[in-house]
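Architecture at a glance
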Amino acid sequence: MAVTEPDLPGLTSETFWAILEDKISDETVNQMLWYRLGYRWDPATQQWDISQVEDVWTEVYPEPPDFIGSRPATIKITRSIPKENKQLLKEELGFGGYTIDELNPRRTRRATAVNWFLNYLKQSAASNA
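Summary of the structure given here.

What counts and how
- Residues numbered from 1 in each chain as written.
- Predicted model: local features only at pLDDT ≥ 70, side-chain atom pairs only at ≥ 80, totals over all residues.
- Heavy atoms only, no water.
- Axes fitted to C-alpha atoms, helices over the stretch in contact; angles between N-to-C directions.
- Helix = DSSP H or I, 4+ residues; strand = E, 2+ residues; numbered from the N terminus.
- Parallel < 35°, antiparallel > 145°, perpendicular 65-115°, else oblique.
- Left-handed = near helix turned anticlockwise from the far one by under 90°.
- Contact = heavy atoms within 4.5 Å.
- Nonpolar A, V, L, I, M, F, W, Y, C, P; charged D, E, K, R; others polar.
- Salt bridge = Lys/Arg side-chain N within 4 Å of Asp/Glu carboxyl O.
- Buried < 20%, exposed > 50% of the residue type's maximum accessible area, 1.4 Å probe, protein only.

Observations regarding the packing of helix α4 (residues 71-79) against helix α6 (residues 105-128)
Where α4 contacts α6, the axes come no closer than 10 Å and their chain directions differ by 30°. Between α4 and α6, the angle is such that the two are roughly parallel. The crossing of α4 and α6 is left-handed. Here R71, T74, I77 and T78 of α4 lie close against α6, whose contacting residues are R109, T112 and W116. Of the residues assigned to the contact of α4 with α6, the class counts are two nonpolar, three polar and two charged.

Shown next, in the form of structure tokens:
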């Protein structure tokens with residue numbers, strides 16, 4: 001079941017580092033992505049409300065996907081980041097990547113989620129300017 005935004009960690013550098021350092025659960029990272037994409041759990045109907053989700057997502061994912069556990073969902077979120085924002089992890093956070101012994105698909109997907117959040121913030125700031 002999803003939580004509401006106030007129950008989720010904010011989109012801050014501290015949160016991003018906690019995601020990268022595996023200090024925030026996969027479930028919470030997924031919920032943060034779902035919320036920002038527009039997925040909302042309706043407790044009255046016990047169903048997902050996708051009225052705020054872009055069609056490009058609902059066509060493939062009428063229910064929110066497990067971004068950390070699913071390669072196809074992560075590929076889709078990666079492709080949704082404009083080319084000019086693909087390096088925000090390095091540019092905004094100074095993240096140099098994982099060492100070989102730390103590298104695995106799950107951690108890579110967590111890094112992708114953080115990069116998506118950074119892109120989300122950058123695009124939100126631009127649209128509010």
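Let's talk about the pattern of salt bridges
All chains considered together, the criterion is met by five salt bridges. One salt bridge connects D26 with R110, and the closest N-O pair in it is separated by 2.4 Å. You can see D26 sitting in helix α2 (residues 26-37) and its partner R110 sitting in helix α6, a full 84 residues away along the chain. A relative accessible area of 0% means that R110 is categorised as buried. Put simply, D22, D26, R106 and R110 are held in one network by salt bridges that share partners.

Concerning the packing of helix α1 (residues 13-20) against α6
With their axes 9 Å apart at the nearest point, α1 and α6 run at an angle of 165° to one another. Considering their axes alone, α1 and α6 lie roughly antiparallel with respect to each other. Read as a crossing pair, α1 and α6 show a hand that is right-handed. Contacts between α1 and α6 involve F16, A18, I19 and L20 on the former and, on the latter, R107, R110, A111, V114, F117, L118 and L121. Partitioning the contact of α1 with α6 into residue classes produces nine nonpolar, no polar and two charged.

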